[in-house]
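Below are the chains, spelled out letter by letter.
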Amino acid sequence: DGGITQSPKYLFRKEGQNVTLSCEQNLNHDAMYWYRQDPGQGLRLIYYSQIVNDFQKGDIAEGYSVSREKKESFPLTVTSAQKNPTAFYLCASSPKGQGISNTEAFFGQGTRLTVV
Amino acid sequence: AQSVAQPEDQVNVAEGNPLTVKCTYSVSGNPYLFWYVQYPNRGLQFLLKYITGDNLVKGSYGFEAEFNKSQTSFHLKKPSALVSDSALYFCAVRDLGSGNTGKLIFGQGTTLQVKP
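Bear in mind the structure is a predicted one, so any value in this text is a computation, not a measurement. Per chain, residues are indexed from 1 in the order of the written sequence. Here chains are named by letter from A upward and ligands by number from 1 upward, in the order in which they appear as written. With the structure being a predicted model, the display of local features is reserved for residues of pLDDT at least 70 and the display and counting of side-chain atom pairs for 80 or more, all residues being used for whole-chain, interface and lining totals. Remark: hydrogens and water are excluded; side-chain values derive from all non-hydrogen atoms of the structure.

### Topic: the state of the cysteines
- In plain terms, two cysteine sulfur atoms within 2.5 Å form what is called a disulfide here. Considering all chains together, one arrives at two disulfides over all chains under this definition.
- One disulfide in the model links cysteine 23 of chain A with cysteine 91 of chain A; its S-S distance is 1.9 Å. Its S-S torsion of about -75° marks the bond between cysteine 23 of chain A and cysteine 91 of chain A as left-handed, since a negative value means left-handed. One end of the pair, cysteine 23 of chain A, is in strand β3 (residues 19-25); the other, cysteine 91 of chain A, is in strand β9 (residues 87-94), with 68 residues separating them in the sequence.
- For cysteine 91 of chain A, a relative accessible area of 0% translates into the label buried.
- Here cysteine 23 of chain B engages in a disulfide with cysteine 91 of chain B; their sulfurs sit 2.0 Å apart. Disulfide cysteine 23 of chain B-cysteine 91 of chain B: the torsion about the S-S bond is -65°, which places it as left-handed. Taken as a pair, cysteine 23 of chain B in the loop between β3 (19-21) and β4 (24-26) and cysteine 91 of chain B in strand β10 (residues 87-94) lie far apart in primary sequence, 68 residues in all. Each of the two residues, cysteine 23 of chain B as well as cysteine 91 of chain B, counts as buried. Secondary structure is summarised from DSSP: a helix means a run of H or I of at least four residues, a strand means a run of E of at least two, and numbering begins at the N terminus for each. Note on classification: 1.4 Å probe, protein chains only; a residue is buried when its accessible area is under 20% of the maximum for its type, exposed when over 50%, partly exposed between these limits.

Worth remembering: the numbers are spatial, not functional.
Rendered as structure tokens:
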């Protein structure tokens with residue numbers, strides 16, 4: 001089936017640790033996004049990428065890093081610099097080009113990260 | 001700046017009654033509007049979108065939304081609510097202020113509770 005796969009579903013991080021969240025898509029979409037979800041705050045954009053080997057900061061990029069070495073993959077690393085990483089993280093993708101504005105984004109099932 | 005507001009944190013409705021989940025937006029130019037639904041610990045599922053054309057948009061699971069340009073609103077509606085409609089609903093607008101990136105700006109979400 002075509003879609004976006006995020007792993008793991010649950011992740012626990014110790015203080016001072018870096019952790020990486022996986023996001024893979026087989027939709028042949030050029031654009032990929034990472035959002036953070038906190039209760040009552042909606043979704044906030046962390047990073048996005050429109051093409052392989054290129055990515056831009058979103059609204060809350062501090063303490064996070066990404067890479068886009070393959071079209072299908074857009075992993076997110078939560079570094080020790082992120083002081084409040086406990087949240088639900090969602091990955092999404094969209095096709096690029098003229099259709100990007102009027103085409104819906106497709107979302108993965110999310111990763112819940114908890115600091116222990 | 002472009003923004004989306006969902007004025008109600010929670011909407012309660014009895015099964016079989018009509019439901020409305022409100023959304024207002026602020027954008028420069030023509031808006032591209034979306035509704036998504038989220039079940040607990042899951043990703044977002046696309047319901048419907050307004051790009052252009054008829055102001056009444058029909059989507060998945062019997063949902064529809066009415067675009068009102070004069071009131072800058074895009075309220076989600078359903079004629080007869082089901083208990084299984086209970087979930088978190090997000091309104092979103094395409095961020096056209098940042099060029100053709102496909103980024104979405106989300107409202108803070110509205111929890112819909114349908115009681116039997």
